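Structural characterization, general
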Amino acid sequence: LQSLCWGSAAIGGLLSAYFSGSLLEVMKPQEVFALTAILPFLVATIGLLIDEEPVGKIRAAESESSSAVDGTLATTTSDAQDDPFVDVKSQINSLWQAIKQPEIYKPAAFLFLWQSTPTSEGATLFFMTEDLGFGPEFLGRIQIISAFSSLFGVWLYNTYIKTKSIK
């Protein structure tokens, strides 16, 4: 699964690097941004079209079917009908119980601290474009080489390293 994720990211990087440098030569940055925003917009729009049944209706149908099997009459009043936030409270409680586990909060804290530290990407990009004079097409080619290297690393891992023992 991890190789699939890394491979997909490398292929996405390869495609974006190839097309972004070329597109910036013939289009304005705003047009390239609009073009790249189409896919996430389509995913969000299709997500709105998914027909889901509310949880309350599912539970009511389950209780009716279980009462028909038991031969008892099911009452229509329940905790969920008295308090509409009982499901939300239960979910928040479950989430809090999960977050309190060290296996969850330690990696989450590490990722938060790692991603919140400053990087030199902006300064490096400014240096490469202003002082060194690299254009968008050349930077795109550098990204292509990086994406090919990532794909090579995924292939190398799956072919040779995956079967080796850590010890």
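Look a little higher up for the structure.
The following paragraphs examine the structure supplied in this document. (Residues numbered from 1 in each chain as written. Predicted model: local features only at pLDDT ≥ 70, side-chain atom pairs only at ≥ 80, totals over all residues. Heavy atoms only, no water.)

Let us look at the overall build of the chain. In terms of helices and strands, the chain carries nine helices and zero strands. Tracing the chain from N to C terminus, the helices and strands come up as α-α-α-α-α-α-α-α-α. Looking at the 167 residues of the chain, the share that counts as buried comes to 8%. Residue pairs in contact within the chain that sit at least 24 positions apart in sequence constitute 66% of those at least 6 positions apart. Accessible surface, the chain as shown: approximately 14,200 Å² in total, 67% of it carbon and sulfur. (Helix = DSSP H or I, 4+ residues; strand = E, 2+ residues; numbered from the N terminus. Buried < 20%, exposed > 50% of the residue type's maximum accessible area, 1.4 Å probe, protein only. Contact = heavy atoms within 4.5 Å. Areas by Shrake-Rupley, 256 points an atom, 1.4 Å probe, with all protein chains shown as cover.)

In the contact formed by helix α2 (residues 29-36) and helix α3 (residues 38-48), the axes pass within 4 Å of each other and the chain directions differ by 35°. Taking contact as the criterion, the partners of Ala34, Leu35 and Thr36 in α2 are, on α3, Ile38, Leu39 and Pro40. Across the contact of α2 with α3, the residue classes break down as five nonpolar, one polar and no charged. (Axes fitted to C-alpha atoms, helices over the stretch in contact; angles between N-to-C directions. Nonpolar A, V, L, I, M, F, W, Y, C, P; charged D, E, K, R; others polar.)

What follows is about the packing of aromatic side chains. Scanning all chains against the criterion turns up four aromatic pairs. Ring geometry for phenylalanine 134 against phenylalanine 138: centres 4.6 Å apart, planes inclined by 50°, an arrangement best described as tilted. On the basis of relative accessible area, phenylalanine 138 is assigned to the partly exposed category, the value being 37%. Grouped by ring-pair contacts, the aromatic residues Phe152, Trp155 and Tyr160 constitute a single cluster. (Phe/Tyr/Trp six-rings, centres within 6.5 Å; stacked < 30°, edge-to-face > 60°.)

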